[in-house]
Amino acid sequence: MNAKNSITPIITGAAVTMAVGTAAYMMSGKSSKAKKKQLKKTATQAIQAVGDVVDGITTMMK
């Protein structure tokens, strides 16, 4: 197993975990509308950053 195959599932799992955690927090109803919007924006940026990291690693492995 090479490094590419061992790192990608870890990063994918982290991104999915962030998305599920964000969704659960937003559904809890304990935060204001503005906080929900900001959290969604931040989570989207984090997921995009993870995708960029995966793309960078993939490019380096080629």
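The text that follows walks through the structure, step by step, so that each part is easy to find. All values reported here derive from a predicted model rather than from experimental measurement.

Below, the discussion takes up the overall build of the chain. Counting secondary structure elements, the chain contains two helices and zero strands. Expressed as a percentage of the 62 residues in the chain, the buried residues total 13%. Accessible surface computed for the chain: about 4,800 Å², of which carbon and sulfur atoms make up 66%.

Our next topic: the nonpolar core. Counting five residues, the largest nonpolar core is built from Ile11, Ala15, Val50, Val54 and Ile57. Elements supplying a minimum of two residues to this core: helix 1 (3–27) and helix 2 (33–61). Of the residues forming this core, the biggest block, three residues, is contributed by helix 2. Discounting residues that sit within four places of it in the chain, Ile11 has contacts with Val50, Val53, Val54 and Ile57.

Here we take up the environment of Lys36. Among the structural elements, Lys36 can be located in helix 2. Residues Lys36 and Ala23, spaced 13 residues apart in sequence, show a C-alpha to C-alpha distance of 9.7 Å.

Here the focus is helix 2. End to end, helix 2 covers 42 Å across 29 residues, agreeing with the expected 42 Å (1.5 Å per residue, within 8%). For helix 2, the full list of buried residues reads Ala43, Val50, Val54 and Ile57.

What counts, and where the lines are drawn
Residues numbered from 1 in each chain as written. Predicted model: local features only at pLDDT ≥ 70, side-chain atom pairs only at ≥ 80, totals over all residues. Heavy atoms only, no water. Helix = DSSP H or I, 4+ residues; strand = E, 2+ residues; numbered from the N terminus. Buried < 20%, exposed > 50% of the residue type's maximum accessible area, 1.4 Å probe, protein only. Areas by Shrake-Rupley, 256 points an atom, 1.4 Å probe, with all protein chains shown as cover. Core = buried A, V, L, I, M, F, W, Y, C linked by side-chain atoms within 4.5 Å. Contact = heavy atoms within 4.5 Å. Expected span 1.5 Å × (residues − 1).

Any functional reading would require information that these geometric values do not contain.
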